[in-house]
Amino acid sequence: MITLDREYLGESVTDGALASMMEEVEEAAATLESGTGEGGEFVGWLHLPDIHDSEEYERMKEASARIRSQADCLVVIGIGGSYLGARAALDFLDGDFPVFFAGKDLSPHYLNRLLGEIGDRKVFVNYISKSGGTLEPALAFRVFRQMLEERYGPDWTDWVITTTDGEKGKLRDLTDREGIESFTVPDDVGGRYSVLSPVGLLPLMTAGVDTDRLLQGALKVREDCRQEQSAAKVYAAVRNVLYRQGKSVEILASYDPSLGSLAEWWKQLFGESEGKDGQGIFPASTIFTTDLHSLGQFIQEGSRIFMETVLWIEDDKTDVTIPSYGEDYDGLGYLEEKPLSWVNEMACLGTMAAHLEGGTPNLRILVPKANAYYLGQLFYFFMYVCGLSGYMQKVNPFNQPGVEAYKTNVFNLLKR
């Protein structure tokens, strides 16, 4: 089970302040669980860990097996919540089947490089969009549809699976008209909360990820979240105590580059959920120790607006033993025969202590191992905390009205 290490919070979060905030946490939890708060019609993600018992889940397994047997790679077309969760999981875990991502930007350079990398390989496409009218993925699908039509003629639809709304939208219309196999984005689940739905599960199954264990991990945290003093509730309380003290930026720090995409998923989750009505903790991320040589100075001595959450994997998948030589040419002979993971952890603890001394309190999330079971726990843990925090900040954690403003301007310029 993932746990919290509060040793480096310092005096910023007293027992009294935490106890008082926990009362608000329980109120927010009651609102979230009952679906009676703003956006309560979009809390279906609470029950997604049970999807592995469904007929659709078995159909996803059959589809992923077919993709693996017929194609050489899978291209997932989607943006935001339609791809970030799967991308995070595949960078965190070891898959055994190539999965590429398109439709997440408007860069012709990226798209041309991707097409070149795919080359003549047999490619299957999973187009993920609730509406089918989102600019970036819709344009990418046009490009890949053209490629499939050139390769397979009228049978191009056999090489596409859509994940979209069950009843309406441009992509649903195309899916029904062309007879394309599809999976449903649940009506009561928003994009950034959809990683444990067909949106994330089909690509992960195809890549070879054990989604049964992923969902079992999520279910474990689901059970824990209902308890008083659960890790999720304590994390929600801590970050909101610090927020009210002026810590308006939360840095998600990790010490393994494979967690970089998970941080991107986390940033969308909290950024779109909390950032509205003049409220919200700004989500940022760093990869240490690399960023200690660029952002470390600012975190240590810059504006005192930061809180830091460290994501730490306790049992890394591999390790490296530091070699020994006859001469101590770099002055680091005292580290000979030590595991590099131990050096990395000492860097983590030393950095947390330094940042606390500089006025940045630290909370550490301890993850026992880098596997599907604990990744499922992390996904659900963060989503639950996000729902709680939104209600504690008196905002709707399940809408994103500000996103529509830029879309309107972009489409007006394109049409003009």
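Residues numbered from 1 in each chain as written. Predicted model: local features only at pLDDT ≥ 70, side-chain atom pairs only at ≥ 80, totals over all residues. Heavy atoms only, no water.

## Focus: the packing of helix α9 (residues 231-243) against helix α13 (residues 372-392)
- Contact geometry of α9 with α13 gives a least axis separation of 9 Å together with a crossing angle of 45°. For the element pair α9 / α13, the angle class is oblique. At the point where α9 passes α13, the crossing takes the right-handed sense. For the pair α9 and α13, the contacting residues are Ala231, Ala232, Lys233, Tyr235, Ala236, Arg239 and Asn240 in the first and Phe381, Phe382, Tyr384, Val385, Leu388, Ser389 and Met392 in the second.
- Split by residue class, the contact of α9 with α13 holds ten nonpolar, two polar and two charged. (Axes fitted to C-alpha atoms, helices over the stretch in contact; angles between N-to-C directions. Helix = DSSP H or I, 4+ residues; strand = E, 2+ residues; numbered from the N terminus. Parallel < 35°, antiparallel > 145°, perpendicular 65-115°, else oblique. Left-handed = near helix turned anticlockwise from the far one by under 90°. Contact = heavy atoms within 4.5 Å. Nonpolar A, V, L, I, M, F, W, Y, C, P; charged D, E, K, R; others polar.)

## Points about unusual backbone geometry
- A cis geometry characterises the amide bond from Phe288 onward to Thr289, with omega recorded as 10°.
- The backbone of Gln229 sits at a positive phi, close to 65°, despite the residue not being glycine.
- Tracing the chain through its elements places Gln229 in the loop between α8 (211-225) and α9.
- A positive phi is found at Glu337, a non-glycine position, where the angle reads about 70°.

## Let's talk about empty space enclosed by the protein
- Summed over all chains, the structure comprises one cavity of 30 Å³ or more.
- Its volume calculated, the largest cavity comes out at about 40 Å³.
- Surrounding the largest cavity, Leu9, Tyr235, Val238, Arg239, Leu242, Glu250, Met307, Glu308, Thr309, Pro361, Asn362 and Leu363 form its lining.
- The set of elements that each furnish at least two residues to the lining of the largest cavity consists of α9, β9 (306-315) and β10 (362-369).
- Split into classes, the residues belonging to the lining of the largest cavity amount to seven nonpolar, two polar and three charged. (1 Å grid on protein atoms, 1.4 Å probe; cavity = no way out; pocket = protein on both sides within 12 Å on 5 of 7 lines; lining within 4 Å. Points joined across faces, edges and corners; volume = space filled by probe spheres on them.)

## Remarks on the sheet that holds strand β2 (residues 73-77)
- One open sheet accounts for five strands, arranged β3-β2-β4-β5-β6; its pairing is parallel. Every other strand in the sheet has two partners, leaving β3 (99-102) and β6 (181-184) as the edge strands with one partner each. On average, each strand axis in the sheet is tilted by 20° relative to the strand beside it, whichever way the strands run.
- Taken strand by strand, helix α4 (residues 108-118) contacts β2, β3 and β4 (123-128), and its axis lies near 155° from that of β3.
- Set on the sheet, helix α5 (residues 135-152) makes contact with β2, β3, β4 and β5 (160-164); between it and β4 the angle comes to about 150°. (Pairing = 2+ DSSP bridges.)

## Quick look at the nonpolar core
- Residues Trp45, Trp265 and Phe382 are the most contacted members of the largest nonpolar core, which totals 121 residues.
- Looking at which element gives the most residues to this core, the answer is α13, with 16 residues.
- Ignoring sequence-local partners within four residues, the contact set of Trp265 consists of Leu84, Gly85, Ala88, Arg192, Val195, Phe379, Phe382 and Met383.
- The next biggest cluster of nonpolar side chains, apart from the first, holds 14 residues, and it includes Tyr8, Ala284, Ile299 and Leu366. (Core = buried A, V, L, I, M, F, W, Y, C linked by side-chain atoms within 4.5 Å. Buried < 20%, exposed > 50% of the residue type's maximum accessible area, 1.4 Å probe, protein only.)

## Looking at a negative patch on the surface
- Taken together, the side chains of Glu314, Asp315, Asp316 and Asp319 define an acidic patch exposed on the protein surface.
- Secondary-structure assignment places Asp316 in the loop between β9 and α12 (340-357).
- Judged by its relative accessible area of 36%, Asp316 falls in the partly exposed class. (Patch = residues over 30% accessible without salt bridge, like charges linked within 9 Å, V, L, I, M, F, W, Y side chains within 5 Å. Areas by Shrake-Rupley, 256 points an atom, 1.4 Å probe, with all protein chains shown as cover. Salt bridge = Lys/Arg side-chain N within 4 Å of Asp/Glu carboxyl O. Lys, Arg positive; Asp, Glu negative; His and termini not counted. Charge placed at Lys NZ, Arg CZ, Asp CG, Glu CD.)

## Brief notes about α4
- Looking at α4, one finds that the buried residues are Leu111, Leu114 and Ile118. The arc that holds every buried residue of α4, seen down its axis, measures 60°, which confines them to one face. In α4, the exposed residues that point more than 90 degrees away from the buried face are Pro108, His109, Asn112, Arg113 and Gly116.
- In the segment just after α4, Gly119 is the residue with positive phi, at about 55°. (Arc of directions from axis to C-beta.)

## Re the pattern of salt bridges
- In this structure the tally under the stated criterion is 21 salt bridges.
- Note that Arg68 is salt-bridged to Asp96, the shortest N-O span being 2.8 Å. With Arg68 in helix α2 (residues 55-70) and Asp96 in the loop between α3 (84-92) and β3, the pair connects residues that are 28 residues apart, well separated along the chain.
- A salt bridge links Arg239 to Glu274; the nearest nitrogen and oxygen atoms lie 2.6 Å apart. In this pair, Arg239 is assigned in helix α9 and Glu274 in helix α10 (residues 260-274), connecting sequence segments 35 residues apart.
- Residue Arg239 is classed as buried on the basis of its relative accessible area of 1%.
- Using a relative accessible area of 0% as the deciding quantity, one classes Glu274 as buried.
- Shared partners join several salt bridges into a network, and the residues in it are Glu56, Arg59, Arg66 and Glu181.

## So, the layout of surface pockets
- Of the pockets and cavities examined, the largest pocket occupies roughly 960 Å³.
- Sorting the residues of the lining of the largest pocket by element identifies α5, α10 and α14 (403-415) as the ones contributing at least two each.
- For the lining of the largest pocket, the leading source of residues is α14, giving six residues.
- Tallied by class, residues from the lining of the largest pocket come to 14 nonpolar, 15 polar and nine charged.
- The computed volume of the second largest pocket comes to approximately 390 Å³.
- Forming the boundary of the second largest pocket are 18 residues, of which Asp256, Asp316, Thr318, Ser341 and Asn344 lie nearest the centre.

Bear in mind that shape data such as this cannot, by itself, settle questions of function.
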